[in-house]
Amino acid sequence: MAPHQPWLLLLLLASWPLPGSSETRYQPGDPVVLYVNKVGPYHNPQETYHYYQLPVCSPEKIQHKSLSLGEVLDGDRMAESMYQIRFRESVEKTVLCVKTLTLDQVERLRQAIEELYYFEFVVDDIPLRGFVGYMEESGFLPHSHKIGLWTHLDFHLEWNGNRIIYANVSVRDVKPHSLDDVRGPGPLSLTHTYSVRWSETASERRGERRGRGDDGGFFPHTLEIHWLSIINSMVLVFLLVGFVVVILMRVLKNDLARYNLDEEASSSSSGDDFDQGDNGWKIIHTDVFRFPPCRSLLCAILGVGSQFLALGTGIIAMALLGMFNVHRHGAINSAAILLYALTCCISGYISSNFYRQVGGERWVWNIMLTTSLFSAPFFVTWSVVNSVHWANGSTQALPATTILLLLTVWLLVGFPLTVIGGIFGKNRAGPFDAPCRTKNIAREIPPQPWYKATLVHMTIGGFLPFSAISVELYYIFATVWGREQYTLYGILFFVFAILLSVGACISIALTYFQLSGEDYRWWWRSVLSAGSTGVFIFLYSVFYYSRRSNMSGTVQTVEFFGYSLLTGYVFFLMLGTVSFFASLKFIRYIYVNLKMD
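Residues numbered from 1 in each chain as written. Predicted model: local features only at pLDDT ≥ 70, side-chain atom pairs only at ≥ 80, totals over all residues. Heavy atoms only, no water.

It is worth spelling out the pairing of strand E7 (residues 117–123) at this point. Of all 7 residues that make up E7, 7 are buried, and the element is covered over most of its length. Every second residue of E7 is oriented toward a common face, with Tyr117, Phe119, Phe121 and Val123 on one face and Tyr118, Glu120 and Val122 on the other, all of them buried. Looking at chain direction, strand E2 (residues 34–41) and E7 are connected through 7 bridges and run antiparallel. From the neighbouring strand, Gly40 faces E7, where its bridge partner is Tyr118. As consecutive antiparallel partners, E7 and strand E8 (residues 126–131) are separated by 2 residues, and within that stretch Asp124 has a phi angle of approximately 50 degrees, a positive value. (Buried < 20%, exposed > 50% of the residue type's maximum accessible area, 1.4 Å probe, protein only. Helix = DSSP H or I, 4+ residues; strand = E, 2+ residues; numbered from the N terminus. Pairing = 2+ DSSP bridges.)

Structural data, given as structure tokens:
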């Protein structure tokens, strides 16, 4: 398999658009190709259809543009339009085509306008967006409902030297063609026209057009820095870190001093005197490192969680380095697929290495479980979502060639790297670093109060990290499931670090309280405590869908909840991994500093 991997990586890199790679140099009079892309309801970002699925002007033979992997994943399906545009040559009102519509086609257009369908064109990698038609509702009694179709488009393009700097489409001075009084058996004949206006600009950088374009932009403005979210997160993380470092360490210092003093005092008398009375976490030192049930599943969670930690950090780091242009379609999608394939070695290594440390023997089964822990739920979720898109004719349904490419990436890169990482992890695994010997017979766990139950710990351990990112989460959802453009990657990196820090701190605190009650079953509890943040994130997605968005329809609903459930699962894996290793480090620390026979 190794000889194929470099070829596949080169294929992915070749399909990933690089900054500046699509800018074209023109000479006066050169043709400028305008591509039609997609249409869809304004409030449903993931429900998109090909522009030519509407009864609009289309050429006899549709020529599609070759797209990158990221553009295909983003739902782009670009095709050449009938608009004739030449560099620096303005055109007055010109007939595009005369379209004859049947009543069924008129009804399709009327329904699209009522659902606020917008279109997206692309010229020289610059997106142009506008609404398909015009709808006006006014009054209660009598109620007026007017629907009109835009049959004329004004294109405004700005140039500097031999490059296109800015492009926009407008219907500002255009009167829509009414579709309210279309009745009877006869067809409707519409004349579609357009005009092109060129002007020179002093801007030399394409990125500068965004500042001007947003003044009257089609989608909302780029998000501003939200200090409330930052202050809220900082206060919470400082309180938690202070609690763990000051209060908890102080209690531990007193515990260690008292226990070590009792140990010295009882060394000249019977060895069992120490076991009398309330000894808390000290008395379970012979059981605290007893390996848990379902070790293979636990190790697989730690492996995949570590992989997503590396993946998330890598994506944010690449964004901070400016590798994702807001005009570049699907660049983050391409980067995520590439990084996921390359980081599979991390999941295999961590999982197999820790599995061998805790005495696991079925390492082949452990590797298979690790490689399918995320890929299997993802494949099931994607299959359902893609089937719904395909049944509704949406461009979000992936073509067969793209599906084969992604499957090939996993088979020739992801899965082999998981196996290779697992082999290295197994061979480099040493004995488990346990400062205390474990007895053969497990100690009986005393009854625990209700506030030390697993469900209570999951609620506390999940809610506090969630509250640290709750404000920022709205802006992330507004970017992924809305029309905002997220560019505050420095703030995102800061909040991501806060999330991991809060998860680690709350896990250490809850683990200490659990051990103080002589309950040594901390292995799975530590994963579930902070990992339950994923449940809160999914519950927030339900709230966002019902209260903060205008999304509707089967296509959008299935995609939203399918991938929101998958997102919550990924956060469970990531934060569960951070929580476990933080608790393990803490437990090793307190028992190493304890005097024992």
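The discussion continues.
So, on to the confidence of the model for the protein chain. On average, residues of the protein chain score 83 in pLDDT, and 83% of them are at 70 or above. Scored below 50 in pLDDT, residues 1–21 shows 35 contacts in the model against residues more than four places distant or in partner chains. Under a pLDDT of 50 for its full length, residues 209–216 has, in the predicted model, 12 contacts with residues more than four places off or in other chains. (pLDDT = per-residue confidence, 0-100. Contact = heavy atoms within 4.5 Å.)

A rise of 1.5 Å per residue sets the reference length of helix H8 (residues 344–357), with its 14 residues, at 20 Å; its end C-alpha atoms lie 20 Å apart and thus fit the reference within 8%. By the burial criterion, the buried members of H8 are Cys344, Ser347, Gly348, Ser351, Ser352, Asn353, Phe354, Tyr355 and Gln357. Two residues or fewer after H8 comes Gly359, characterised by a positive phi angle close to 90 degrees. (Expected span 1.5 Å × (residues − 1).)

The subject of this paragraph is the packing of helix H12 (residues 454–480) against helix H14 (residues 522–531). Two elements in contact, H12 and H14, have axes separated by 6 Å at closest approach and are oriented at 45 degrees. Taken together, the axes of H12 and H14 are oblique relative to one another. Between H12, through Thr454, His457, Met458, Gly461 and Gly462, and H14, the contact on the second element is made entirely by Arg525, Leu528, Ser529 and Ala530. Among the residues forming the contact of H12 with H14, the class breakdown is 3 nonpolar, 5 polar and 1 charged. (Axes fitted to C-alpha atoms, helices over the stretch in contact; angles between N-to-C directions. Parallel < 35°, antiparallel > 145°, perpendicular 65-115°, else oblique. Nonpolar A, V, L, I, M, F, W, Y, C, P; charged D, E, K, R; others polar.)

In this section: empty space enclosed by the protein. Under the counting rule described, the total for this entry stands at 4 cavities of 30 Å³ or more. Its boundaries defined by the atoms lining it, the largest cavity holds a volume of some 190 Å³. If you trace the largest cavity, you find 18 residues lining it, with Tyr51, Val56, Trp150, Leu153 and His192 closest to the centre. Within the residue set of the lining of the largest cavity, elements represented by two or more residues are strand E11 (152–160) and strand E14 (188–200). Each residue belonging to the lining of the largest cavity can be placed in one class, and the counts come to 14 nonpolar, 4 polar and no charged. Roughly 60 Å³ of volume is contained in the second largest cavity. Lining the second largest cavity are Val304, Gln307, Tyr340, Cys344, Ser347, Thr370, Thr371, Leu373, Phe374, Ser375 and Thr418. Counting residues per element, the ones that place at least two in the lining of the second largest cavity are helix H6 (295–320), H8 and helix H9 (363–373). (1 Å grid on protein atoms, 1.4 Å probe; cavity = no way out; pocket = protein on both sides within 12 Å on 5 of 7 lines; lining within 4 Å. Points joined across faces, edges and corners; volume = space filled by probe spheres on them.)

Among the nonpolar cores identified, the biggest contains 101 residues, and Phe354, Leu515, Phe580 and Tyr591 are the most heavily contacted of them. Looking at this core element by element, the count peaks at 17 residues for helix H16 (residues 554–592). Once residues lying within four places of it in the same chain are set aside, the contact partners of Leu515 are Gly280, Trp281, Ile284, Val288, Tyr520, Trp522, Ile587, Ile590 and Tyr591. Leu149, Leu153, Trp198 and Val555 belong to the second largest nonpolar core, which has 46 residues in total. (Core = buried A, V, L, I, M, F, W, Y, C linked by side-chain atoms within 4.5 Å.)

On to the state of the cysteines, then. As enumerated under the stated definition, the model contains 1 disulfide in all. The disulfide partner of Cys57 is Cys97, and the gap between their sulfur atoms is 1.7 Å. Because the sign of the S-S torsion sets the handedness, a value of about -70 degrees for the bond joining Cys57 and Cys97 places this disulfide among the left-handed ones. With Cys57 in the loop between strand E3 (49–50) and helix H2 (69–73) and Cys97 in strand E6 (residues 91–101), this residue pair connects regions lying 40 residues apart in the sequence. Note on accessibility: Cys57 and Cys97 belong to one class, buried. With no disulfide of its own, Cys344 lies 7.7 Å from the sulfur of Cys345, the closest cysteine sulfur. A residue is classified by how much of its surface remains accessible, and Cys344, at 2% relative accessible area, is buried. Judged by its relative accessible area of 30%, Cys345 is partly exposed. (Disulfide = S-S within 2.5 Å.)

With that settled, consider the sheet that holds E11. Where strands meet in a sheet, backbone hydrogen bonds hold them as pairs that are either parallel or antiparallel. Taking strand neighbours across the sheet as the criterion, the 4 strands line up as E6-E14-E11-E12 in an open arrangement whose pairing is mixed. Of all strands in the sheet, those bounded by a partner on one side alone are E6 and strand E12 (163–170). For this sheet, the mean inter-axis angle between neighbouring strands, taken without regard to orientation, is 20 degrees. Across 8 bridges, E11 lies against E14 in parallel orientation.

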